[in-house]
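# Topology and contacts: notes
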Amino acid sequence: MTLPMSSSAESTEAPSQLQANLAPVALKYVALPVPLPASDTMPISLTASEGMRPPCRRCLLDASPGEILNLIAYDPFPADSITPYRGTGPIFVHAHDCGLFKGEVLPERQLSRQLSVRAYNMNHMMVAAEVVEGSDFESTAGGMLADEQAAYINVHNAKPGCFAVRVERA
Ligand SMILES: [Zn+2]
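Residues numbered from 1 in each chain as written. Predicted model: local features only at pLDDT ≥ 70, side-chain atom pairs only at ≥ 80, totals over all residues. Heavy atoms only, no water.

Going by the annotation in an unreviewed UniProt entry, the name recorded for the protein chain is DUF1203 domain-containing protein, with Exophiala bonariae given as the source organism.

Laid out in structure tokens, this is it:
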């Protein structure tokens, strides 16, 4: 008895609709692409410690011990978008106004995690999705955005599922 040459037919993943192996383009990062929900929705707050330093999604830095963060339900899709991919998920945000991330390079700690990289077209429909180690993030995201079908990428921390940042062509 011979084994099948390939098991690819058994994959349950949706195929990417983007061209493969394009040269990665330069990236830019958009923290909190839609405004945070109104503050009258009671946030859950916690204080960061040495052993628990959640990443803030406004400044994109990990919290320092003693800093207070709010845990908020956040939907990264525009409020007027009609897409089945909409939905809220948990994010941490510093309780103080830490300033919106404006850098051109993601903080190193952001790239130390396993990341879910999902590309969407201009109608907010998913056209590709990968889970990568942070060290492979820029080449994966840059390759997806090299295809004009991809309008932007939403990055989530793969394990807890928190939205991290939106990525666009620079
Ligand atoms: Zn912050």
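After that view of the structure, there is still more to cover.
### Let's talk about the sheet that holds strand 3 (residues 68–74)
Spatially, 3 strands are ordered 2-3-4 in an open sheet, and the strand pairing comes out antiparallel. The open sheet has two free edges, formed respectively by strand 2 (44–47) and strand 4 (89–94), since each of these has just one partner strand. Here the average twist between neighbouring strands, direction ignored, is 35°. (Pairing = 2+ DSSP bridges. Helix = DSSP H or I, 4+ residues; strand = E, 2+ residues; numbered from the N terminus. Axes fitted to C-alpha atoms, helices over the stretch in contact; angles between N-to-C directions.)

### Considering the pattern of salt bridges
Considering all chains together, one arrives at 6 salt bridges under this definition. Glu168 is the salt-bridge partner of Lys28, the closest N and O atoms lying 3.7 Å from each other. One end of the pair, Lys28, is in strand 1 (residues 27–30); the other, Glu168, is in strand 8 (residues 163–169), and 140 residues separate them in sequence. Residues Arg109 and Asp62 are paired through a salt bridge, measuring 2.6 Å at the closest nitrogen-oxygen approach. (Salt bridge = Lys/Arg side-chain N within 4 Å of Asp/Glu carboxyl O.)

### Brief notes about the coordination of the zinc ion
Those protein atoms acting as donors to the zinc ion are Cys56 (SG), Cys59 (SG), His94 (ND1) and Cys98 (SG), and they sit at 2.0 to 2.3 Å. Bound by 4 donor atoms, the zinc ion shows angles of 106 to 113° at the metal and therefore tetrahedral coordination geometry. We note that the donor set of the zinc ion lies within a single chain, spaced as C-x2-C-x34-H-x3-C. Taken together, the positions of Cys59 in the loop between strand 2 and strand 3 and His94 in strand 4 put the pair 35 residues apart, joining distant regions of the chain. The class of Cys59 is buried, set by a relative accessible area of 9%. (Donors = N, O, S within 2.8 Å, 3.2 Å for Na, K, Ca; no water. Tetrahedral: all angles 85-135°; square planar, octahedral: opposite > 155°, others 65-115°. Buried < 20%, exposed > 50% of the residue type's maximum accessible area, 1.4 Å probe, protein only.)

### Some thoughts on the side chain of Ser81
Considering the arrangement of structural elements, one finds Ser81 in the loop between strand 3 and strand 4. Relative accessible area serves as the criterion here: at 7%, Ser81 is assigned to the buried category. Of the polar contacts made by the side chain of Ser81, one reaches the backbone oxygen of Pro78; its length is 2.6 Å. (Polar contact = N/O pair within 3.5 Å; in protein donor to acceptor, adjacent residues only side chain to side chain.)

### Looking at the sheet that holds strand 7 (residues 152–157)
If you walk across this open sheet you meet the 5 strands as 1-8-7-5-6, and the pairing is antiparallel. Here the strands that pair on one side only, and so sit at the sheet edges, are strand 1 and strand 6 (126–133). Shown here is a sheet whose adjacent strand axes are inclined to one another by a mean of 25°, direction ignored. Pairing of strand 5 (residues 114–120) with strand 7 involves 6 bridges; the strand directions are antiparallel. Each bridged residue has a counterpart across the sheet, and for Arg118 the counterpart in strand 7 is Asn154.

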